[in-house]
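Observations on chain architecture
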Amino acid sequence: MKLQIVSNRLPIEIKKNKDKLSTKQTSGGLATGLSGLRQAYDMVWTGWPGIHTSIAEERAKIEGFMAKRNLFPVWFSQKVYKGFYNGFSNKTLWPLFHYFCQYAQFDDGHWQSYIKANQAFCQRLLENADEEDIFWIHDYHLMLLPQMIREKLPHVKIGFFLHIPFPHFEVFRLLPRRKEILKGLAGADLIGFHTQQYTDYFLHCVGQMLGYNIDGGNFADKERTVKARSFPMGIDYKKFSECANEADVIAKVKEYQKEYKGKKIILSVDRLDYSKGIIQRLKGFDRFLEKNPAHRKKITLLELIVPSRVGVPQYQRLKKEIDEFSGKINGKYGTPFWMPVRYFYRSVDFTILCALYYSADIALITPRRDGMNLVAKEYVAVHQNRPGVLILSEFAGAAQQLRESIIVNPNDINEIAQAIETALNMSVEEQEARMEAMQAVVRKTDVKQWAEEFIDQLRISAVQAESTLHS
Ligand code: ADQ
């Protein structure tokens, strides 16, 4: 029996530079969560290796490298991958599921590529699957896959986890292929979401669009019972909570303390994405500076933005808008000795990330929609015995758990400005009390525990589904 993990990307990516192949580690969070399961299961992982090649020798080399690590690449033509990934996944599903309906495109060619890509995943999995296997499929790229596998292997255990929000019925129904998506997911035994709200929205859509009776969190697809449950994803709590004891992190923190002496640091960390509310945050900070002249020169907003989906036009436009708005704030309030906004457009390593989290007096996290938002949890975990305030959007899944943060509506610029003021005026005792309460929650829902709980539930669900089938 194997545990088959399936995600769009493999945890190791292949890069090619002037005919030379190299490797790079990707998706840290999920890989860490699954590491605990490695001891209990024979685990294999199937996904795209990050490169398109039709050269047989190159493919064989990559296959060999991956096989040694129990990784199985799925190969696509560039055209199919583009329609599947840039197209249906990121121009249709991503905007719609994040309530950016105006950005959602419905292109039948993209949909055909989405089907083909899911089929390619299915074929690859079948080469190496048997009826005893447990499948755990991840995210919105692969929503047709549960049913495709079910048709070929009716008795295997299939779990699916959605890392982004599941939208309200009124938004989901805009999708022309909504029924196909729901039927695809219904091939699973267990469907997981970050929050109870996303779970309820999904079940409501199943009831309305497929006409199934919803019984608690369950429904029957033919004779099989399908369960939908919430599993709030966590972080590697130990790693983040202990990082401030590491010598290289301590050295970096000292550097930042020297550089920002006498100034408060507000930090934000995101992938470049319109769902993350980066412009709203800048506007909120602008409003704060406008209303609080006494704080000028004493506060800096550090924005760490990791490049993402550079091929999609909305993302290019957003990058330009952020550049312009940051420049506008700096032009308006900056002096030769003080820049209100410092903005870094790159990924940083773990040491720098932790040192920044630790040094930040405030984390300002303002997504307009976010499945969970792990950055909020990382900030909380790093702040051991160190005051700090988390300002968090009510539209992040994490806001359901991190109740002691200052919760804001990112569309309300005045509320963001007011939250910064409240954070700056908060007593150290209150900051610490709130931090400790949030740390207790983040510790309890660690990523390894999240993965184990999902698999435990999947095994139970599948046994129940099996007994329903034979009764
Ligand atoms: P993301 O949209 O990528 O994930 P998030 O949960 O915040 O959002 O995770 C981002 C990760 O990238 C964090 O671990 C963070 O440390 C890291 N990161 C971001 N910017 C960085 C930078 N400049 N340098 C280095 N590291 C950086 C999707 C969903 C989320 C959901 C996760 C997990 O959109 O809602 O929480 O999956 O399910």
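1. Digging into empty space enclosed by the protein
In the structure shown here, the tally under the stated rule is 1 cavity of 30 Å³ or more. Quantified by volume, the largest cavity comes out at close to 40 Å³. Gly388, Val389, Leu390, Glu404, Ser405, Ile406, Met426, Gln431, Arg434, Met435 and Met438 together form the lining of the largest cavity. Among the elements that line the lining of the largest cavity, the one with the most residues is helix 16 (residues 428–444), at 4 residues. Here the residues of the lining of the largest cavity are counted per class, giving 6 nonpolar, 3 polar and 2 charged.

2. Examining the sheet that holds strand 8 (residues 190–193)
A sheet is described by the order of its strands in space; here 8 strands give the open sequence 5-4-1-6-7-8-10-9, paired in mixed fashion. A single partner strand is all that each edge strand has here, and the edge strands are strand 5 (71–73) and strand 9 (218–221). Going across the sheet, the axis of each strand differs from the next one's by a mean of 20 degrees, ignoring polarity. Where strand 7 (residues 157–161) lies against strand 8, 3 bridges are found, and the strand directions are parallel. Counterpart to Phe161 in the pairing with strand 8 is Gly192.

3. With respect to the site of the ligand
Near the ligand, the surroundings consist of 22 residues, among which His163, Val348, Asp370, Met372 and Glu378 are the closest. Between a nitrogen atom of the ligand and a main-chain N or O atom of Arg346, the distance comes to 2.9 Å. Between an oxygen atom of the ligand and a side-chain N or O atom of Glu378, the distance comes to 2.6 Å. In the shell around the ligand, the residues fall into 11 nonpolar, 5 polar and 6 charged. Counting only domains with at least three residues in the shell around the ligand, you end up with domain 1 (2–233 + 448–470) and domain 2 (237–444).

4. Comments concerning the domain arrangement of the protein
Interface size, as often reported, equals the accessible area lost upon joining of the parts. Here the domain parsing of the protein yields domain 1 (2–233 + 448–470) and domain 2 (237–444). One C-alpha centre belongs to domain 1, the other to domain 2; they are set 31 Å apart. Each side of the interface is counted separately: domain 1 has 20 residues, and domain 2 has 20 residues. When domain 1 packs against domain 2, the two sides together hide about 1,700 Å² of surface, and 61% of this comes from carbon and sulfur. Contact with domain 2 buries area across many residues of domain 1, yet Trp94, Phe100 and Tyr103 alone supply 31% of it, more than any other trio. Joining domain 1 to domain 2, the criterion identifies 0 salt bridges.

5. Here's the deal with the state of the cysteines
Taken as a whole and judged by the stated rule, the model has 0 disulfides. For Cys354, which is in no disulfide, the shortest distance to another cysteine sulfur is to Cys243 and amounts to 3.1 Å.

6. Observations concerning the packing of helix 11 (residues 278–291) against helix 12 (residues 313–333)
It is at 10 Å that the axes of helix 11 and helix 12 come closest, and there the two elements cross at 10 degrees. Put simply, helix 11 runs roughly parallel to helix 12. Every residue of helix 12 that contacts helix 11 at Ile278, Ile279, Leu282, Lys283, Asp286, Leu289 and Glu290 is listed here: Leu318, Glu321, Ile322, Phe325, Ser326, Ile329, Lys332 and Tyr333. Along the lines of polarity and charge, the residues of the contact of helix 11 with helix 12 split into 9 nonpolar, 1 polar and 5 charged.

7. Overview of helix 5 (residues 145–152)
Burial analysis of helix 5 places 6 of its 8 residues in the buried class, the great majority of the element. Taken as a whole, helix 5 has its buried residues at Leu145, Pro146, Gln147, Met148, Ile149 and Arg150.

8. Some details on the pattern of salt bridges
If the charged atoms of two oppositely charged side chains come close together, the side chains can form a pair. The final tally for this structure, using the stated rule, is 24 salt bridges. Ionic pairing is found between Asp130 and Lys2, a salt bridge with its closest N-O pair at 3.4 Å. With Asp130 in the loop between helix 4 (108–126) and strand 6 (134–138) and Lys2 in strand 1 (residues 2–9), the pair connects residues that are 128 residues apart, well separated along the chain. By relative accessible area, which is 33% here, Asp130 ends up partly exposed. We note a salt bridge from Arg271 to Asp273, for which the minimum N-O separation is 3.5 Å. Via salt bridges that share partners, Arg150, Asp189, Asp221 and Arg224 belong to a single interconnected network.

9. Considering the sheet that holds strand 16 (residues 406–408)
Strands sit in the order 13-12-11-14-15-16 across an open sheet of 6 strands; the sheet is parallel. Across the chains shown, the open sheet's two edge strands, defined by having one partner strand only, are strand 13 (341–345) and strand 16. In this sheet, neighbouring strand axes are inclined to one another by 20 degrees on average, regardless of whether the strands run parallel or antiparallel. Here strand 11 (residues 264–271) pairs with strand 12 (residues 299–306) via 8 bridges, running parallel. Within strand 12, the residue paired with Arg271 across the bridge is Val306. Against the sheet, helix 14 (residues 374–382) engages strand 11, strand 14 (362–365) and strand 15 (389–393), with an angle of about 170 degrees to strand 15.

Scoring rules and cut-offs
- Residues numbered from 1 in each chain as written.
- Predicted model: local features only at pLDDT ≥ 70, side-chain atom pairs only at ≥ 80, totals over all residues.
- Heavy atoms only, no water.
- 1 Å grid on protein atoms, 1.4 Å probe; cavity = no way out; pocket = protein on both sides within 12 Å on 5 of 7 lines; lining within 4 Å.
- Points joined across faces, edges and corners; volume = space filled by probe spheres on them.
- Helix = DSSP H or I, 4+ residues; strand = E, 2+ residues; numbered from the N terminus.
- Nonpolar A, V, L, I, M, F, W, Y, C, P; charged D, E, K, R; others polar.
- Pairing = 2+ DSSP bridges.
- Axes fitted to C-alpha atoms, helices over the stretch in contact; angles between N-to-C directions.
- Near = heavy atom within 4 Å.
- Polar contact = N/O pair within 3.5 Å; in protein donor to acceptor, adjacent residues only side chain to side chain.
- Domains from an automatic or database assignment.
- Contact = heavy atoms within 4.5 Å.
- Buried area = accessible area lost by both parts, 1.4 Å probe.
- Salt bridge = Lys/Arg side-chain N within 4 Å of Asp/Glu carboxyl O.
- Disulfide = S-S within 2.5 Å.
- Parallel < 35°, antiparallel > 145°, perpendicular 65-115°, else oblique.
- Buried < 20%, exposed > 50% of the residue type's maximum accessible area, 1.4 Å probe, protein only.

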